[in-house]
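# Observations on the model geometry
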Protein chains: 2
Amino acid sequence: MVDTTRAGAPKPAAERVQRPQARTTERREAVLKAALNVFGARGYNKGALVEVAEQAGMTHAGVLHHFGSKEGLLVAMLKYRDGEEVAGIPERAQVEGPAFLQHLVDTVEENTHRRGVVQAYSVLSGESVTDGHPAHDYFQTRTEGLRTKIAGVLGEVSGNTDAQELRDSATSLIAIMDGLQVQWLLDPDAVDMPRIVGRAMDELVERLRAEA
Amino acid sequence: MVDTTRAGAPKPAAERVQRPQARTTERREAVLKAALNVFGARGYNKGALVEVAEQAGMTHAGVLHHFGSKEGLLVAMLKYRDGEEVAGIPERAQVEGPAFLQHLVDTVEENTHRRGVVQAYSVLSGESVTDGHPAHDYFQTRTEGLRTKIAGVLGEVSGNTDAQELRDSATSLIAIMDGLQVQWLLDPDAVDMPRIVGRAMDELVERLRAEA
DNA sequence: ATTCACTTACTTACTAGTCAGTAAGTGTGT
DNA sequence: ACACACTTACTGACTAGTAAGTAAGTGAAT
């Protein structure tokens, strides 16, 4: 995987030589947004390129022109979503330390107003564990990265230095957030995501502190 | 639920009038097992009836004869899996009270040796949040039932009577178990499911007791 | 003049579901 | 005990739909 050279840059239609045209970037973005919609609503397997294309105002061959293949589109979409998320943080500042934990809770709160995004994430991560799924590596890498990051921050915040304990706690926290999303999607009124995540995080930090 | 009357009673091929033939039950079971395999490995959408049929030693039309449609097969498979799980408990005794919590932890432990089952559950529950997915109701009902049951047991065990608190705790516990499965499937060595679930449950009960 | 961003027009590959037919039962009446 | 009427459990062939990918071409911008 992975280059997509210069992050989301065009290239797929054979090797590109000239500069892309002016409107190209926004057309590609329209396709990526449509993909988020379609794959989010139907999953990758059942999501059809024609529908993505339609929503972006072109034919499915046009989409293929930009991203080379359905799999290429998926990977580009996943990266695009990450970039968007990062860009959403004020001044693009990377959040560090305690603020990161607050950021996680804030994100959960925001997510209750962005059903589509949550659905896309849940469906795709579920699908990603199937044999040879194109998003498998993405989710594996992403989860591991998040785990390490959260473990680090939990260590800072609690003063606890037990590495395994910190990793387990991070894993646990991620599991709660992901697991809650599915339950929430199945029945939004039955699950108060922000409250539960906030709770869990407080408990976790408290315990790590006590054991430090 | 669950008639399971004569275990997985046939019917789909129009309304059945005569008794099913002798070998029928085991043939149907072979199909269900194959479905667990195939849908587990590829998901419902990508899983093909021909492959299910092949693994069960018949043609895909034969599968359709028994279950009427692909969707019918899915639903039957889900019910079959539930029945199997219940049957796995010694003497079919329904586990109640504190023992149920232990049973949950035991199941998690067992699951580390049954990757296929875990994968099937994770993939299907992820898929189930997509629009109009045939397993949507199944997972919704199942989750709600589990939530209520766990909340009840937690109440018994901790003496806590705060209904919302108990429900949130149950939701949280389910989220951890489900979320861990995905992480574990993505990277089995990175996640010690039984340890983390055991931990979480102890913490939960302890806290509910303290707040009682 | 050439390249980019597409479209139109297919092709190839599957896949769920239908249908007609067949061999092997099942149950009843005699 | 046996034949008759009927059912079940399939198979094989086919249909109709869908979906990804390809090839050739067209107009606009550089």
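What you see is a predicted model; the values in this text were computed from it and never measured. Numbers given to residues run from 1 along each chain, matching the order in which its sequence is written. Chains carry letters and ligands carry numbers; both start at the beginning, A for chains and 1 for ligands, and go up in the order they are written. Predicted model: local features are reported for residues with pLDDT of at least 70 only, side-chain atom pairs are reported and counted for 80 or more only, and whole-chain, interface and lining totals are derived from all residues. Hydrogens and water molecules were not included; the side-chain quantities draw on all heavy atoms of the structure.

## A few points about the UniProt feature "domain: HTH tetR-type" (unreviewed entry) in chain A
UniProt positions are given in the numbering used here, feature names are shortened, and annotations may be inferred rather than shown by experiment. When the UniProt feature table is mapped onto this chain, "domain: HTH tetR-type" (unreviewed entry) is found at residues 25–85 of chain A. In DSSP terms, a helix is any run of H or I states spanning at least four residues, a strand is any run of E spanning at least two, and both are numbered starting from the N terminus. Helix makes up 89% of residues 25–85 of chain A and strand 0%. Its end C-alpha atoms lie 18 Å apart.

## Regarding empty space enclosed by the protein
The distinction between a cavity and a pocket rests on a 1 Å grid over the protein atoms alone: a 1.4 Å probe fits inside a cavity but cannot get out, while a pocket stays open yet meets protein on both sides within 12 Å along at least five of seven lines, and a residue with an atom within 4 Å of a point counts as lining. Grid points are joined across faces, edges and corners, and a volume is the space filled by probe spheres set on the points. Going through the model one piece at a time under the given rule, you end up with 7 cavities of 30 Å³ or more. Taken as a whole, the largest cavity encloses approximately 180 Å³ of empty space. In this structure, the largest cavity is lined by 16 residues; those nearest its centre are A:S125, A:D178, A:V182, B:D178 and B:V182. Of all the elements in the fold, those that place two or more residues in the lining of the largest cavity are helix 6 (115–127) and helix 8 (163–186) of chain A together with helix 6 (115–127) and helix 8 (163–186) of chain B. In this classification, the charged set is Asp, Glu, Lys and Arg, the nonpolar set is Ala, Val, Leu, Ile, Met, Phe, Trp, Tyr, Cys and Pro, and all remaining amino acids, among them Gly, are polar. The residue makeup of the lining of the largest cavity, split by class, is 4 nonpolar, 10 polar and 2 charged.

## Concerning the UniProt feature "DNA-binding region" (unreviewed entry) in chain A
In the numbering adopted here, UniProt assigns the feature "DNA-binding region" (unreviewed entry) to residues 48–67 of chain A. Secondary structure across residues 48–67 of chain A comprises 80% helix and 0% strand; the distance between its end C-alpha atoms is 14 Å.

## Some details on the packing of helix 5 (residues 98–111) of chain A against helix 8 of chain A
All names here are of chain A. Lines fitted to C-alpha atoms define the axes, with helix axes restricted to the stretch in contact, and inter-axis angles between N-to-C directions lie between 0 and 180 degrees. Direction vectors running N to C along helix 5 and helix 8 enclose 5°, while the axes themselves pass 12 Å from each other. In terms of orientation, helix 5 and helix 8 fall into the roughly parallel class. Together, L104, V108 and N111 of helix 5 and L173, M177, Q181 and W184 of helix 8 make up the contact between the two elements. The residue inventory of the contact of helix 5 with helix 8, partitioned by class, reads 5 nonpolar, 2 polar and no charged. Working definition: roughly parallel below 35 degrees, roughly antiparallel above 145 degrees, roughly perpendicular at 65 to 115 degrees, and oblique for all remaining angles. We call two residues in contact whenever any of their non-hydrogen atoms come within 4.5 Å of each other.

## Section: the interface of chain B and chain A
In this complex, chain B contributes 43 residues to the contact, which on the side of chain A involves 43 residues. The buried area of a pairing is the accessible area, by a 1.4 Å probe, that goes missing from both parts when the two are put together, added over both. The junction of chain B with chain A conceals about 3800 Å² of combined surface from both sides, 53% of it contributed by carbon and sulfur atoms. Looking only at chain B, the three residues that lose the most surface to chain A are B:V129, B:Q183 and B:L186, adding up to 18% of its buried area. A pair is scored as a salt bridge if a Lys or Arg side-chain nitrogen falls within 4 Å of a carboxyl oxygen belonging to Asp or Glu. Joining chain B to chain A, the criterion identifies 8 salt bridges. Two residues, B:R195 and A:D168, come together in a salt bridge whose shortest N-O distance is 2.8 Å. What qualifies as a polar contact is a pair of N or O atoms within 3.5 Å, subject to a donor-acceptor requirement within protein and to the restriction that residues adjacent in sequence count only when both atoms come from side chains. On the surface where chain B and chain A come into contact, there are 16 residue pairs in polar contact (both at pLDDT 80 or more). Contributing elements (two or more residues each) for the side of chain B that touches chain A: helix 1 (24–46), helix 6, helix 7 (136–158), helix 8 and helix 9 (193–211) of chain B. Element by element, the count of residues in the side of chain B that touches chain A is highest for helix 8 of chain B, at 15 residues. Grouping the amino acids of the side of chain B that touches chain A by side-chain chemistry returns 14 nonpolar, 16 polar and 13 charged.

## Focus: the relation of the copies chain B and chain A
Expressed as a screw operation, the relation of chain B to chain A combines 0.0 Å of axial shift with a rotation of 180°, fitting to an RMSD of 0.1 Å. Here the copies are linked by what is in effect a two-fold axis. Alignment of the copies relies on least squares applied to C-alpha atoms, considering only residues that score at least 70 for pLDDT in both.

## Here's the deal with the pattern of salt bridges
Taken as a whole and judged by the stated rule, the model has 28 salt bridges over all chains. Between B:R23 and B:E26 there is a salt bridge, with its nearest N and O atoms 4.0 Å apart. By relative accessible area, B:R23 is classed as exposed at 52%. Across the salt bridge formed by B:E165 and B:R207, the nearest N and O atoms sit 2.8 Å from each other. One end of the pair, B:E165, is in helix 8; the other, B:R207, is in helix 9, and 42 residues separate them in sequence. The burial state of B:E165 is the same as that of B:R207; both residues are buried. Look at the salt bridges and you will find they share partners, linking A:E165, A:R207, A:E211, B:R199 and B:E203 into a network. The rule is simple: take the accessible area with a 1.4 Å probe, protein chains only, and divide by the maximum for that residue type; under 20% is buried, over 50% is exposed, in between is partly exposed.

## Considering helix 3 (residues 60–67) of chain B
Residues and elements named next belong to chain B. Listed in full, the buried residues belonging to helix 3 are G62, V63, H66 and F67. Projected onto a plane normal to the axis of helix 3, the buried residues spread over an arc of 120° and lie on a single side. Once helix 3 ends, the next one or two residues include G68, with phi positive near 80°. What the arc describes is the spread of directions from the helix axis to the C-beta atoms.

## Describing helix 6 of chain A
Note on helix geometry: an α-helix contains 3.6 residues per turn, so any two residues three or four positions apart are oriented the same way. Residue and element names in this part refer to chain A. In this model helix 6 runs 18 Å from its N-terminal to its C-terminal C-alpha over 13 residues, within 8% of the 18 Å that 1.5 Å per residue would give. Most of helix 6 is tucked away, with 10 of its 13 residues classed as buried. Considered for burial, the residues of helix 6 that qualify are V118, Q119, A120, Y121, S122, V123, L124, S125, G126 and E127. Here the expected span of a helix is defined as 1.5 Å times the quantity of residues minus one.

## Overview of the packing of helix 7 of chain B against helix 8 of chain B
All names here are of chain B. Running from amino to carboxyl end, helix 7 crosses helix 8 at an angle of 120°, the nearest separation of the two axes being 8 Å. The orientation of helix 7 relative to helix 8 falls into the category oblique. Considering only the axes of helix 7 and helix 8, their crossing is right-handed. Judged by residue contacts, T143, E144, L146, R147, I150, A151, L154, G155 and S158 of helix 7 engage L166, R167, S169, A170, T171, L173 and I174 from helix 8. The hand of a helix crossing depends on one turn: near helix anticlockwise from the far one by less than a right angle means left-handed, and clockwise means right-handed.

## Regarding the environment of B:V52
All names here are of chain B. Structurally, V52 is set in helix 2 (residues 49–56). With relative accessibility at 0%, the residue V52 sits in the buried group. Considered as a pair, V52 and T24 are 28 residues apart in the sequence and their alpha carbons are 17 Å apart. The residues contacting V52, other than those within four sequence positions of it, are V31, A34, A35, V38 and L73.

## Digging into the packing of aromatic side chains
Planes of paired rings set the category: under 30 degrees apart is stacked, over 60 is edge-to-face and the rest tilted, where pairs are Phe, Tyr or Trp rings (Trp by its six-membered ring) whose centres lie within 6.5 Å. One pass over the full model with this rule turns up 6 aromatic pairs over all chains. An aromatic cluster of three or more residues is present, and its members are A:Y121, A:Y138 and A:F139.

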